[in-house]
Structures are given as structure tokens and as C-alpha cells.
Amino acid sequence: MTAPATTGLTPTGLSPTGPTPTATATAGTRKALYVYGITPAGVRAPRSPGVDGARVRLLTDSGLSAAVSSAPVRLRPRRRDLMAHQAVLDELAGQGPVLPMRFAVLSPRPDALLSQLRADAAHLTRQLDEVRGCVELNVKGTVVPGHFADLVRRDEGLRSLALRTRRRPDYEANVRLGEAIAQGVRREARRAAREVLDRLTPLAVRTVRGRTDDEQVLSASFLLRAADEGRFRQEVDALALDRGDRLALSVTGPLPCYSFVDAGPVQAGR
């Protein structure tokens, strides 16, 4: 089973149509299934309508169930369909562990999906055990742009540059000072981000770091035992208060455990 990092779990026979998908059914694809996620067998089929209002049903084999619906003729990332996808996953997660698919993952035929469940049953079951009783929270941290007065006071190099610019102001000097302050502010925010990670990582079962840039200097997903969510949020609140002059923190979740579903060992195109 193989999966691009941006599409979550993608078993062989399941086809992600991309981050901004538009799929059109043809005569050969009208039996295609839209796949929401994989659970242990025995769960109830979600009552929430699926993408394009379709009824969600379960395909079961080898102790596993895949939640699916008929693939729509045209598949676009419309808000109502994104919300429907999430609602189905939320209903499944309320019954136990789930390996979530990202939006727009398709399987060409029911028999192909059932065959994949059989082939990868051991690997999928292990992953379900790993996320059982867990939730995902995502923490992001962005640079606080106004944090520079205290920085200039504490940084001798910046203080000297600011004094020289004040004594002999000109355009280039102001640009140099502005760039130096911006670099210093980002440096302080990145330091705060490392401190936040050091404090939060021991509270999680697993941690996955996301992409960062000059403005968003922290992005990390945390796999938590559901019982530890309250304690984790309290720690984030305390860190936000303590480091809020340098780093603006936000928390999203609980989410299906997208970041902790690994690609499996079976290669595509068997």
C-alpha cells in the first residue's frame, strides 16, 4: 500500500484526485466508490449523508470495514461536500478508531477495495490499534510582528544599529535597521517555537512536524490519548500566555488522525 504524504492513506486501487480535484465519471468509472475511511468491522454505517448527498455504506472483509458511497459524476471540493466528508469521519470516530482518507479518494470497484482490505489487513489493523483511543490536535505558531522594542533593548548589535540610524538617518540605514529587526523578531519566534515543542512533545504519543516559513514558524500535529486532551490544551494556554509577545499560538482539533496514518508496505500496481 502506498500513499503520497498529502493524501493520507491511499490503498492500491484507491485514487486521490488531487488537492483541488475535479473528477468526471465515464462509462468505465460509474461503479467507482468514494472512500471515507477504514475502521474495525462491527461499526454502524454512518447516518450522515456523504459527498453529493449519497448514502454511506460499509464494505467488510478480514475484520475491517471501509466506509464508502457512490462516487459522484463530478467531484469538486465544494464546502458542503468537504463538510459531509468530515461529518462521516466524525460519526465513525465516535464509535472507535478510524484511518481517515482525505477528500476525493476513489476506488474503481468494490471488489478492488475488498481485495485491498484482505491484502493489507495486518498492516491496517496495526495502525487502527495505534490510534485507538486517540485524537489529533494541530498547533501552529506565527510571528508576533510588534515584538521589537524589548528585542532592541536586549540585543547590543541591534541597539548600536538603531543609535547609528538615529544619528545619521537615511533610506538605506532605515532599510538595514528594519531588516535586522525583522530577522531578530523571527529568530526570537523560532526560539519560542522550539521551547513550545519541547514542552508539548512529552505529552503526546507521537508528534509530526509540518511545514513552516518566515511567518508561521511552528506547525506540528500531536497524537494524544483522548483523556489527555484537556491537560494538553491547558499547557498550550500557559505557553501562549508566557510567550505571547513573540509567538501567537493556535490549536485546531480534535481531528481524525490524518497525520499518523502511514503508507503501507504493498506497492501500487500489483
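The structure displayed is predicted, hence computed values, not measured ones. (Residues numbered from 1 in each chain as written. Predicted model: local features only at pLDDT ≥ 70, side-chain atom pairs only at ≥ 80, totals over all residues. Heavy atoms only, no water.)

Chemist: So what exactly am I meant to see when it comes to the pattern of salt bridges here?
Modeler: Side-chain pairing between opposite charges can occur once the charged atoms of the two side chains come close. Under the definition given, this model contains 13 salt bridges. Among the salt bridges present, the one from Arg-246 reaches Glu-195, with a minimum N-O distance of 3.8 Å. With a gap of 51 residues between them, Arg-246 in the loop between helix 7 (229-243) and strand 12 (247-255) and Glu-195 in helix 6 (residues 171-200) connect regions that are remote in the sequence. Using a relative accessible area of 14% as the deciding quantity, one classes Arg-246 as buried. For the salt bridge of Glu-229 with Arg-233, the shortest nitrogen-to-oxygen distance reads 3.0 Å. Taken together, the residues Glu-229 and Arg-233, both in helix 7 and four residues apart, mark about one turn of the helix. Look at the salt bridges and you will find they share partners, linking Glu-195, Asp-242, Arg-243, Asp-245 and Arg-246 into a network. (Salt bridge = Lys/Arg side-chain N within 4 Å of Asp/Glu carboxyl O. Helix = DSSP H or I, 4+ residues; strand = E, 2+ residues; numbered from the N terminus. Buried < 20%, exposed > 50% of the residue type's maximum accessible area, 1.4 Å probe, protein only.)

Chemist: What is the right way to read unusual backbone geometry from this model?
Modeler: Negative phi characterises most residues that are not glycine, and trans characterises most peptide bonds. The omega angle of the peptide bond from Gly-253 to Pro-254 is 5°, so this bond is cis rather than trans. Located in the positive-phi region is Ser-62, a residue other than glycine, with phi close to 55°. Ser-62 sits in the partly exposed class, given a relative accessible area of 38%. Backbone geometry at Ala-104 places phi at a positive 80°, although glycine is not the residue there.

Chemist: How should I be thinking about the pairing of strand 4 (residues 57-61) in this particular structure?
Modeler: Successive side chains on a regular strand alternate, one facing one side of the sheet and the next facing the other. In this sheet, strand 5 (residues 64-70) lies alongside strand 4 in antiparallel orientation, the contact comprising five bridges. The partner of Leu-59 across the bridge, within strand 5, is Ala-66. Linking two consecutive strands that pair antiparallel, namely strand 4 and strand 5, is a turn of two residues; a positive phi of about 55° is found at Ser-62 within it. (Pairing = 2+ DSSP bridges.)

Chemist: Could you clarify how one ought to interpret helix 2 (residues 110-119) in this entry?
Modeler: One full turn of an α-helix is made of 3.6 residues, so residues set three or four places apart face in the same direction. Buried within helix 2 are the following residues: Ala-112, Leu-113, Gln-116 and Leu-117. Projected onto a plane normal to the axis of helix 2, the buried residues spread over an arc of 140° and lie on a single side. Residues of helix 2 that are buried in the fold lie against strand 3 (33-40), strand 4, strand 5, strand 8 (105-107) and helix 3 (121-131). (Arc of directions from axis to C-beta. Contact = heavy atoms within 4.5 Å.)

Chemist: Explanation requested: the sheet that holds strand 9 (residues 134-143) in the structure shown.
Modeler: The pairing of strands in a sheet comes from backbone hydrogen bonds and takes either a parallel or an antiparallel form. Taken together, four strands build an open sheet; the order of strands is 10-11-9-12 and the sheet is antiparallel. Bordering the open sheet on either side are strand 10 (206-209) and strand 12, each of which pairs with just one other strand. Taking the axes of each pair of neighbouring strands and ignoring which way they run, one obtains an average angle of 20° across the sheet. Note that strand 9 and strand 11 (residues 216-225) share nine bridges and pair antiparallel. When the sheet's bridge partners are listed, Gly-141 is paired in strand 11 with Leu-218. This element, helix 7, spans strand 9, strand 11 and strand 12 of the sheet and lies at about 165° to strand 12. (Axes fitted to C-alpha atoms, helices over the stretch in contact; angles between N-to-C directions.)

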